[in-house]
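Below, each chain spelled out in residue letters.
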Protein chains: 2
Amino acid sequence: MDTETVEKPDLAKSKRDRILEAAATVFCQDGYTGASIDAVATKAGVSRQTIYNHVGDKDGLFKEVVAALTDKSAAKFMLLMEEFPEKPDNVEAELTAFSARFLNHLTQDKTSRWLLRLAENESGRYPELFTVWREYGSGRKRSLVAAHLSQLALNGHLEIDDSTLAARQYLALLTAEWRAEFQLGRFPSEDECTGMAQRAVKTFLRAFGRR
Amino acid sequence: MDTETVEKPDLAKSKRDRILEAAATVFCQDGYTGASIDAVATKAGVSRQTIYNHVGDKDGLFKEVVAALTDKSAAKFMLLMEEFPEKPDNVEAELTAFSARFLNHLTQDKTSRWLLRLAENESGRYPELFTVWREYGSGRKRSLVAAHLSQLALNGHLEIDDSTLAARQYLALLTAEWRAEFQLGRFPSEDECTGMAQRAVKTFLRAFGRR
DNA sequence: TTCAAGTTGGACACTCTTGTCCAATTGGAC
DNA sequence: GTCCAATTGGACAAGAGTGTCCAACTTGAA
C-alpha cells in the first residue's frame, strides 16, 4: 500500500479513522461492557479481524478512542476560547455572545458530548483515564476560563476575588440548563442556547459585575 | 410462612429487601449490562433462583430497584426541605446552613447518589424510567426549591423575577463543586460541604439578595 | 407430626462475546 | 504480470451470562 515500510498514510488511516469513529459511537451508546466489537466492525464497514490488527483488543480500542477524542476536543476548545472577550465595550453583550457560542459548541460537537458521556459512565472502570481527561479536559477548561475572567477583572469589567471559583460558578450557571436538556436526550437549538447564555450571564454579572 | 394467603411480611420482606439493596449496589457499580444476577445473588446472600422467584427477570429486578430507590429518596428529600428557612433573621447564615445540610444529605444518602448515577448512566436504555425519575425527582426538587425561594422573596429577603430560574441557578451553584468531587469518586466531608455552601450562597446572594 | 410455601444449589440449553487462527482475496507498487 | 502487505470472512475454543427445571432442604404453622 505504500512504497516504504513507513506506515500507511491514506487508505489505512482512513480505515483506522472509520474504526475509531464507529467505536466512539458504539461505546457512548452502549457503554464499555455493552459495546461489542462486532457492532463496531459492522458500523465501520470493516471486518472484525481488522480491528484486532489495528488496536490489539477491546481495551486498546477503548483507550485509543478516548485518546483521539480528547485530543480533538481539546483542540477545538482552545480555538473557541480565543473568542473570549478581552477588552469589551459592552461586557454583558459580549460575554453573552461568547457564552452562546460556548453552548452551541457543546451541542454541535459530537466529540465533546461523547467524551462527556464516556467520562461520566466509564469513570469507574478506568479511573486513570478519567483523571487524565478531567485534568486535561474539564480542569484545563476551567483554568483557561479563570485566566480570562481575571483579565476582565484587571481591566475593570468585573469584581472578582477568587477567579477559579468564579470560573467554576460561571460554568455551572452557564451549563445548568444545557445539562438538563442534554440528559433528557434533547439538543438545544441555537436560539435556546442564546437564551440560556443570556440568563446565565445576567445572573453572573449581578454577582460579579462592576457595581 | 403466613397463616392466610395474604403475603409474607417478615422473613420474605427482609429477603426481598436484601435483594433490592444488593441489586442497587451492583447496578450502580457495573451498569445494567455489566451487572450479573449471580453477583447480586452472592452479594445478597441468596440463591439465584430466589431472585427469579421474586422479580421475574433482570428487567423486572432493575425496575423494582429504581422504583424502590426513587420512593426512598423522595421521602428523605421532602423531610430535608422542611428545614428550608422561612422567616430568617439572617438570610445568608440560615440559607448557608440549609445548603450545607443539603450537600451533606447528597453525600451521605447512598440512595440518592445511586439514583443519580443510575439515571445518568441508564437514561439511554430506559428513557421512560428516566423521565419519571426526572419529573418526580429532579424536577420536583427544583419546583420545591423555587416555591421556597419565592416565599423568601415575598418576605423581602430576596429579589427574584423568575423563581424557577433562580432555583435552577441556586442548585447549579450549590452542587457545582460537589459534583466535581463526586465524579472523582471523592465524598466531601462535612466541613468541605460547609465551605461549598458558603461560597455558593455568597454568590447567589450577590445576584439575588436585597440591595 | 405433617403440611406447604419458600428456598436452595446444581444441571442444563441457549445466546452472545472475545480473541485466535488461517486460507483466500484484494489492490497498489514495481 | 508479480509481489507484498492489508484485508476479509469463516471457523473455532473458551468463557460468561440468562433463564428454566427440578429434586432436596428448611421452617413455621396447624
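Residues numbered from 1 in each chain as written. Chains lettered and ligands numbered in written order. Predicted model: local features only at pLDDT ≥ 70, side-chain atom pairs only at ≥ 80, totals over all residues. Heavy atoms only, no water.

(A) Structural view of the packing of aromatic side chains. Using the criterion set out here, one finds 20 aromatic pairs over all chains in the structure. Seen in terms of ring centroids, W178(B) and F182(B) are 5.0 Å apart; in terms of plane orientation they differ by 15°. Their pairing is stacked. With a gap of four residues between them, W178(B) and F182(B) both fall in helix α8 (residues 163–183), about one helical turn apart. The burial state of W178(B) is the same as that of F182(B); both residues are buried. Taken together through their ring pairs, the aromatic side chains of F77(A), F84(A), F98(A) and F102(A) make up a single cluster. Over the face of the ring belonging to Y32(A) we find K58(A), whose NZ or CZ atom lies 4.8 Å from the ring centre. (Phe/Tyr/Trp six-rings, centres within 6.5 Å; stacked < 30°, edge-to-face > 60°. Helix = DSSP H or I, 4+ residues; strand = E, 2+ residues; numbered from the N terminus. Buried < 20%, exposed > 50% of the residue type's maximum accessible area, 1.4 Å probe, protein only. Lys NZ or Arg CZ within 6 Å of the ring centre and 35° of its normal.)

(B) Quick peek at the packing of helix α5 (residues 91–108) of chain A against helix α8 (residues 163–183) of chain A. Residue and element names in this part refer to chain A. Interhelical geometry of α5 versus α8 gives an angle of 50° and a closest axis separation of 11 Å. Judged on the interaxial angle alone, α8 and α5 are oblique. Here the hand of the crossing between α5 and α8 comes out right-handed. For the pair α5 and α8, contact is made by L95, F98, S99, F102, L103, L106 and T107 and by Y170, L171, L174, T175 and W178, respectively. (Axes fitted to C-alpha atoms, helices over the stretch in contact; angles between N-to-C directions. Parallel < 35°, antiparallel > 145°, perpendicular 65-115°, else oblique. Left-handed = near helix turned anticlockwise from the far one by under 90°. Contact = heavy atoms within 4.5 Å.)

(C) A look at the domain arrangement of chain A. Residues and elements named next belong to chain A. Parsing chain A into structural domains produces domain 1 (8–56) and domain 2 (65–208). Taking the mean C-alpha position of each, domain 1 and domain 2 sit 30 Å from one another. If you look at the interface, domain 1 gives ten residues, while domain 2 gives nine residues. With both chains or domains summed, domain 1 and domain 2 bury close to 800 Å², and 74% of this area falls on carbon and sulfur atoms. Where domain 1 meets domain 2, there are zero salt bridges. (Domains from an automatic or database assignment. Buried area = accessible area lost by both parts, 1.4 Å probe. Salt bridge = Lys/Arg side-chain N within 4 Å of Asp/Glu carboxyl O.)

(D) Examining the environment of I160(B) more closely. Residue and element names in this part refer to chain B. Secondary-structure assignment places I160 in the loop between α7 (127–154) and α8. What makes I160 buried here is its relative accessible area of 17%. Considering only alpha carbons, one finds I160 and R142, 18 residues apart in sequence, at a separation of 15 Å.

(E) Expanded view of the interface of chain B and chain A. Opposite the 30 residues of chain B that make contact, chain A presents 30 residues. Summed over both sides, the interface between chain B and chain A buries roughly 2,700 Å², with carbon and sulfur atoms accounting for 54% of that surface. When the buried surface of chain B facing chain A is broken down by residue, Q169(B), Q183(B) and R206(B) rank first, second and third, together holding 20% of it. On the surface where chain B and chain A come into contact, there are six residue pairs in polar contact (both at pLDDT 80 or more). For the side of chain B that touches chain A, the element with the most residues is α8(B), which contributes nine residues. When the residues that make up the side of chain B that touches chain A are grouped by side-chain class, the tally is ten nonpolar, seven polar and 13 charged. (Polar contact = N/O pair within 3.5 Å; in protein donor to acceptor, adjacent residues only side chain to side chain. Nonpolar A, V, L, I, M, F, W, Y, C, P; charged D, E, K, R; others polar.)

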